[in-house]
Amino acid sequence: METGFARGRLLIKDIGHLVGFGHAPLGPMKGADMRQLPVLEDAWLAIEEGRVIDGGAMAEFPGITDWNGLEVVEASGRMVSPAWVDSHTHLVHAASREREFVDRIRGLSYQEIAARGGGILNSARALREMSEDALFDVSLERMERLIRMGTGAIEIKSGYGLDLESELKMLRVARRLGALDRIPVKTTFLGCHAVPQGWSDAMAYTRYMVDEVLPAVVEEELADHVDIFCEEGYFGLEETRLLLEQARLRGLPAKVHVNQFTAGGGVALCVDMGAMSVDHLEVLEAQDVAELASSETVPVALPLCSLFLDLPYTPGRTLVDAGCALAIATDFNPGSAPSGNLHLAASLGCLRMGLEPVEALVAATVNGAAALGLSDQVGGLAVGQEASLIVTRPLRSVDEALYAFGDPLADRVLARGHWVS
Ligand code: NIG
Ligand code: FE
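## Details of the overall build of the chain
Argument step 1. Within the chain, the secondary structure is distributed over 15 helices and 19 strands.
Argument step 2. In terms of overall dimensions, the chain is globule-like: its C-alpha atoms have a radius of gyration of 21 Å, near the 22 Å expected for 421 residues.
Argument step 3. Principal-axis analysis of the C-alpha atoms places the extent of the chain at approximately 70 × 45 × 45 Å.
Argument step 4. The buried share of the chain, reckoned over its 421 residues, is 58%.
Argument step 5. The contacts of the chain with a sequence gap of at least 6 include a subset with a gap of at least 24, amounting to 75%.
Argument step 6. Accessible surface for the chain amounts to roughly 16,100 Å². Of this, 49% is attributable to carbon and sulfur atoms.
Argument step 7. Across the chain, the 35 positively charged side chains and the 59 negatively charged ones have centroids separated by 4 Å.

## Focus on the site of ligand 1
Argument step 1. Around ligand 1 sit 15 residues in total, of which Tyr-110, Tyr-160, His-193, Gln-260 and Ser-336 are the nearest.
Argument step 2. Interatomic distance of 2.9 Å between a side-chain N/O atom of Asp-331 and an oxygen atom of ligand 1.
Argument step 3. For ligand 1, the protein covers 100% of the area, taking 330 Å² as the surface of the free molecule.
Argument step 4. Here the shell around ligand 1 is built from residues that sort into 4 nonpolar, 9 polar and 2 charged.

## Digging into the domain arrangement of the chain
Argument step 1. Each assigned domain of the chain is listed with its residue range as follows: domain 1 (9-83 + 377-419) and domain 2 (85-371).
Argument step 2. Here domain 1 and domain 2 have C-alpha centroids that lie 29 Å from each other.
Argument step 3. Of the residues lining the interface, 32 residues belong to domain 1; the matching set on domain 2 comes to 39 residues.
Argument step 4. When the two sides are added together, the surface that domain 1 and domain 2 hide from each other amounts to roughly 2,800 Å², 68% of it contributed by carbon and sulfur.

## Examining the confidence of the model for the chain
Argument step 1. Per-residue confidence for the chain gives a mean pLDDT of 96; residues scoring 70 or more make up 98%.
Argument step 2. The low-confidence segment residues 1-5 (pLDDT under 50) makes 14 contacts with residues lying over four places distant or belonging to another chain.

## A look at the coordination of the iron ion (ligand 2)
Argument step 1. Taken together, His-88 (NE2), His-90 (NE2), His-257 (NE2) and Asp-331 (OD) make up the full set of protein donors to the iron ion (ligand 2), lying 2.1 to 2.2 Å away.
Argument step 2. When the donors of the iron ion (ligand 2) are listed by position in the chain, the intervening gaps give H-x1-H-x166-H-x73-D. Placement of the pair is His-88 in the loop between strand S8 (84-86) and helix H1 (98-105) and His-257 in strand S12 (residues 255-258), with a sequence separation of 169 residues. Exposure class is identical for His-88 and His-257. Each is buried.

## Some details on the pairing of strand S2 (residues 9-19)
Argument step 1. Burial of S2 is extensive: 9 of the 11 residues sit out of reach of the surface.
Argument step 2. In this structure, S2 lies alongside strand S4 (residues 39-48), joined through 8 bridges in antiparallel fashion. In the strand pairing of S4, Arg-9 is matched with Glu-48.
Argument step 3. Of the strand pairs in this sheet, S2 and strand S6 (residues 70-74) are connected by 5 bridges, and their pairing is parallel. Following the sheet pairing, Leu-11 is matched in S6 by Val-72.

## Concerning the packing of helix H4 (residues 132-148) against helix H5 (residues 164-179)
Argument step 1. For the pair H4 and H5, interaxial distance at closest approach is 10 Å and the crossing angle is 45 degrees. In terms of their interaxial angle, H4 and H5 are classed as oblique. In the packing of H4 onto H5, the handedness of the crossing is right-handed. Contacts between H4 and H5 involve Glu-132, Asp-133, Leu-135, Phe-136, Ser-139, Leu-140 and Met-143 from the first element and Lys-169, Met-170, Arg-172, Val-173, Arg-176 and Leu-177 from the second.
Argument step 2. Residue composition of the contact of H4 with H5, grouped by class: 7 nonpolar, 1 polar and 5 charged.

## Describing the sheet that holds strand S10 (residues 185-192)
Argument step 1. Pairing is parallel across the open sheet formed by 8 strands, whose spatial order is S8-S9-S10-S11-S12-S13-S14-S15. Two strands in the sheet have a free side with no partner beyond their single neighbour: S8 and strand S15 (327-328).
Argument step 2. Here strand S11 (residues 225-230) runs beside S12; their pairing, made up of 2 bridges, is parallel. Each bridged residue has a counterpart across the sheet, and for Cys-230 the counterpart in S12 is Val-258.

## Examining the packing of aromatic side chains
Argument step 1. Using the criterion set out here, one finds 8 aromatic pairs in the structure.
Argument step 2. Aromatic pair Phe-101 and Phe-308: ring centres 5.5 Å apart, planes at 15 degrees, arrangement stacked. Within this pair, whereas Phe-101 is found in helix H1, its partner Phe-308 is found in helix H10 (residues 303-309), the two being separated by 207 residues in sequence.
Argument step 3. For Phe-101, a relative accessible area of 37% gives the class partly exposed.
Argument step 4. Both rings, one in Tyr-205 and one in Tyr-208, keep their centres 6.1 Å apart while their planes meet at 50 degrees; by these two values the pair is tilted. With Tyr-205 and Tyr-208 both in helix H6 (residues 202-219) and 3 residues apart, this pair spans about one turn of that helix. For the pair formed by Tyr-205 and Tyr-208, the shared burial category is buried.
Argument step 5. Here a set of aromatic residues connected by ring pairs shows up, and it is made of Trp-199, Tyr-205, Tyr-208 and Phe-235.
Argument step 6. Stacked on the ring of Phe-308, the Lys or Arg Arg-104 has its end atom at 4.6 Å from the ring centre.
Argument step 7. A cation over a ring is seen here: Arg-176 above Phe-136, with NZ or CZ 4.2 Å from the ring centre.

## Observations concerning the environment of Ala-410
Argument step 1. By secondary structure assignment, the location of Ala-410 is in strand S18 (residues 410-415).
Argument step 2. Taking relative accessible area as the criterion, Ala-410 reaches 27% and is therefore assigned partly exposed.
Argument step 3. Separated by 260 residues in the primary sequence, Ala-410 and Gly-150 have C-alpha atoms spaced 7.0 Å apart.
Argument step 4. With residues near it in sequence (within four places) discarded, Ala-410 still touches Ile-390, Val-391 and Thr-392.

Reading the values: rules and limits
- Residues numbered from 1 in each chain as written.
- Chains lettered and ligands numbered in written order.
- Predicted model: local features only at pLDDT ≥ 70, side-chain atom pairs only at ≥ 80, totals over all residues.
- Heavy atoms only, no water.
- Helix = DSSP H or I, 4+ residues; strand = E, 2+ residues; numbered from the N terminus.
- Rg over C-alpha atoms; globule rule 2.2 N^0.38 Å.
- Buried < 20%, exposed > 50% of the residue type's maximum accessible area, 1.4 Å probe, protein only.
- Contact = heavy atoms within 4.5 Å.
- Areas by Shrake-Rupley, 256 points an atom, 1.4 Å probe, with all protein chains shown as cover.
- Lys, Arg positive; Asp, Glu negative; His and termini not counted.
- Charge placed at Lys NZ, Arg CZ, Asp CG, Glu CD.
- Near = heavy atom within 4 Å.
- Polar contact = N/O pair within 3.5 Å; in protein donor to acceptor, adjacent residues only side chain to side chain.
- Nonpolar A, V, L, I, M, F, W, Y, C, P; charged D, E, K, R; others polar.
- Domains from an automatic or database assignment.
- Buried area = accessible area lost by both parts, 1.4 Å probe.
- pLDDT = per-residue confidence, 0-100.
- Donors = N, O, S within 2.8 Å, 3.2 Å for Na, K, Ca; no water.
- Pairing = 2+ DSSP bridges.
- Axes fitted to C-alpha atoms, helices over the stretch in contact; angles between N-to-C directions.
- Parallel < 35°, antiparallel > 145°, perpendicular 65-115°, else oblique.
- Left-handed = near helix turned anticlockwise from the far one by under 90°.
- Phe/Tyr/Trp six-rings, centres within 6.5 Å; stacked < 30°, edge-to-face > 60°.
- Lys NZ or Arg CZ within 6 Å of the ring centre and 35° of its normal.

In structure tokens, the structure reads:
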């Protein structure tokens, strides 16, 4: 887990490229501003008690006056970049689903696998059988793996419980992960992820979620947001409106799975209802782009899901050119994106969505924080923000960090002022 000391006072010197430093948080960064990410060459950064306290160019380095309890790290030209902010994950789940992976290689589609009782319902079966403590243990192992890869904040959804008891179990596990204080963890109630067997229709199940599960989630303060899989064959506009209205009345903003396979007016509905984010957007119409551009709703692209399911990629270039604050997240889940590698997701933003490296980096840090309402805390390395960062292997530029797609990036990772192995 933790190595080294730090957490007290830390000075990182001779940084080749210091990314995201400033005197005020950056986010959200919209449209053309996404290219304005501050990058300081030959720089230093000072940290105290897990927060950034100062920084600047080596040419103006004031020198060290107080050596008391100070750890000095020579970055020797390495890049120092804010930790990734993963604004969309299903990290709490019982087990992987590699059988379905093989089924897909043999020719079945994601929808065909779901129709045979695979997919989300398969994960729900496994989760219901697992104890809360066992679920916590497997989820903690995953979270630690993400932190080692340089992820400095995550969102975690429920949605594999699909009944009162199991949805609460998932959210309690997510809250327990947050209570460890390793990194900020935001939780999202996604009871309307799929309609389990035994329900006559999506509306009847949504009413159960609204009337019985949502109040319990709110009562126990288990969720920061609400989500629903707004998609043909899952939940429609009526169910989405009902859930979002009821959640809003109880103080929960929305982050919605929408337009993964089809465009059916879900984006406009979510924007109208003031959703914090709309996620997936593999299929997007011009009208949706215009709606998003004139709103504060953050569009979240999930390119690892597109890669894994061989879906179209979210039109990132179009969204940025329209002026949106595009975010990129992993969607880490056992069915459609079994990877928490946000570095790879950001590189796919370049390779498949037409983003320049600096824009993809912003999408996976600054704008990921905006999609979680955490802009003040994470996503950049401004004074006062959390000292969660990646000291990369030697790189010549920010561009190289995303060009070398999938290659391990981090030499060292600092999470809230603690070195992680
Ligand atoms: O974001 N689209 C809906 N939910 C997940 C997939 C969940 C699963 O297959 O287990 C997603 O892709
Ligand atoms: Fe998802």
